[in-house]
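# Coordinate analysis (summary)
Residue-level listing of the chains:
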Amino acid sequence: LSAAAARGALEPAPSAEAALDGAEVVVLAGPLDAVVATLRDLDTDALVTDVAGVKQPVVEAGSHLPHFVGGHPMAGRERGGAGASSAALFRGAAWVLTTDGVSDDDLGRVDTLVRDLQARPVRMTAADHDLAVAVVSHLPQVLAASLLELAEDHTGALDLAAGSFRDLTRVASSDPAMWSPVLAANRDAIGTAVAELAGRLGAWPEDSVSDRARARLEHAAEVRAGLAPPVVAVRVALVDRPGELARVGRALAGTGVDVRDLQLRHGPHGGGGLLTISVRPGEAAPLAAALEGEGLELVP
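Structural notes, computed from the coordinates.

Further remarks concern unusual backbone geometry. What is expected of a backbone is that most residues other than glycine have negative phi and most peptide bonds are trans. The backbone of Q118 sits at a positive phi, close to 70°, despite the residue not being glycine. One can find Q118 in the loop between α5 (104-116) and β6 (120-124). Look at Q118 and you get partly exposed, because its relative accessible area is 46%.

The strand order β4-β5-β6 describes an open sheet built from three strands, whose pairing is mixed. Of all strands in the sheet, those bounded by a partner on one side alone are β4 (71-73) and β6. Across the sheet, the mean angle separating the axes of adjacent strands is 20° when strand polarity is ignored. Of the pairings in the sheet, the one linking β4 to strand β5 (residues 94-98) comprises three bridges and is antiparallel in character. Bridge assignment links P73 to a residue of β5, and that residue is W95. Contacting β4, β5 and β6, helix α6 (residues 126-153) crosses the sheet at an angle of about 115° to β6.

The next thing to look at is helix α10 (residues 187-202). Between its first and last C-alpha atoms α10 spans 22 Å; for 16 residues at 1.5 Å apiece the expected length is 22 Å, and the two agree. Taken together, the buried positions of α10 are A189, I190 and A193. For α10, the arc enclosing every buried residue in end-on projection is 95°, short of the 170-degree limit, so these residues lie on one face. Every exposed residue of α10 that faces more than 90 degrees away from the buried side is listed here: R187, D188, A195 and G202. Buried residues in α10 make contact with α6 and α9 (176-185).

Here we come to the pairing of β6. Pairing geometry for β5 and β6, over five bridges, is parallel. Following the sheet pairing, W95 is matched in β6 by P121. Traced from β5 through α5 to β6, the parallel crossover comes out right-handed.

To continue, consider the environment of G272. In this structure, G272 sits in the loop between β8 (259-266) and β9 (273-279). Residue G272 is classed as partly exposed on the basis of its relative accessible area, which comes to 22%. Separated by 205 residues in the primary sequence, G272 and H67 have C-alpha atoms spaced 55 Å apart.

Let's shift gears to the pattern of salt bridges. Within this structure, the stated rule accounts for 12 salt bridges. Close ionic contact of R115 with D111 constitutes a salt bridge, the shortest N to O distance being 2.6 Å. Pair noted here: R115 and D111 are both in helix α5, with a separation of four residues, about one helical turn. Between R250 and E294 there is a salt bridge, with the nearest N and O atoms lying 3.2 Å from each other. Residue R250 is located in helix α13 (residues 244-255), and its partner E294 is located in the loop between α14 (284-293) and β10 (297-299); the two are separated by 44 residues in the primary sequence. Owing to a relative accessible area of 46%, R250 belongs among the partly exposed residues under this scheme.

The next thing to look at is the nonpolar core. Nonpolar side chains in soluble globular proteins generally cluster together in the buried interior. Counting 17 residues, the largest nonpolar core has L28, L32, L39, V48, V58, L65 and F68 as its most contacted members. Residue assignment for this core shows that the elements contributing at least two residues are β1 (25-28), α3 (32-41), α4 (56-61) and α9. The dominant element in this core, judged by the number of residues it contributes, is α3, at four residues. Sequence-distant contacts of F68, that is, excluding residues within four places in its chain, are made with L39, L47, V48, T49, D50, V58, V59, G62, V102 and D106.

With that settled, consider the sheet that holds strand β2 (residues 47-50). Overall, parallel pairing links the three strands, which are arranged β1-β2-β3 in an open sheet. This sheet does not close on itself; its edge strands, each paired only once, are β1 and β3 (68-69). Bridging between β2 and β3 involves two bridges; their strand directions are parallel. Among the inter-strand pairings, T49 is bridged to a residue of β3, identified as V69. Packed on one face of the sheet, α3 meets β1, β2 and β3 and runs near 145° to β1.

Cut-off values and rules
- Residues numbered from 1 in each chain as written.
- Predicted model: local features only at pLDDT ≥ 70, side-chain atom pairs only at ≥ 80, totals over all residues.
- Heavy atoms only, no water.
- Helix = DSSP H or I, 4+ residues; strand = E, 2+ residues; numbered from the N terminus.
- Buried < 20%, exposed > 50% of the residue type's maximum accessible area, 1.4 Å probe, protein only.
- Pairing = 2+ DSSP bridges.
- Axes fitted to C-alpha atoms, helices over the stretch in contact; angles between N-to-C directions.
- Contact = heavy atoms within 4.5 Å.
- Expected span 1.5 Å × (residues − 1).
- Arc of directions from axis to C-beta.
- Right-handed = clockwise from strand over helix to strand, strands pointing away.
- Salt bridge = Lys/Arg side-chain N within 4 Å of Asp/Glu carboxyl O.
- Core = buried A, V, L, I, M, F, W, Y, C linked by side-chain atoms within 4.5 Å.

Written out as structure tokens, the structure is:
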């Protein structure tokens, strides 16, 4: 809180009652259990919304309020605190607004707030939300933890882990104190998602010796391609010397390409690494030329 106040992001109030005095909109942004507990005791005529990752217990806790719309921005980072904040965090992100028992006017006001933050409102019931996030958010969290447990149990596996494994398990760096109550609150939906995933995983040994494996992989590639604009990867071999990233920066600034993703894979024992820069199709060639012009080595 002190760090956020120092940044000018908030003005501390002496009490919750003082913060609510004269408020038109109240946003509860905290751990799930804290949001639920606060909602149960909240008494205000202001429009109230929240950002918790499970919606059914939140909607139930806020049902006594005259103006309440549950919300969940599908954006975040594996690090928390004011130091990890970003003004662009919600840009283009889906932001769920629950429709359970809300008025059109209240829903419209929160919809406007979300759009002002450059996010994309998605309206759905709390139950539909909880099952959907169990699949796309909570299941990846438990899957990442399970994969790391499995890899740790196999001698030498973690020494061989490369970029794909690190990407798949990135969310395991998230705050366990934040995730534990979320997983507990949505355990039924997570159980359904885990059972469905187990069935699909169990079919792979048999599918791998038939044409079904290729068909499943091709279908997965099509679905994945629809999640984001097409990109082209430019790979740069970095050596362990001062100024390497500065050369990359000059190439990026000189070409003005639209960088969609950056990934740096360090050498396991020092000695540089591999930088992958994802850009829009058509921008790879000028970027590659600029990088080579800076004396950097490209990797096919």
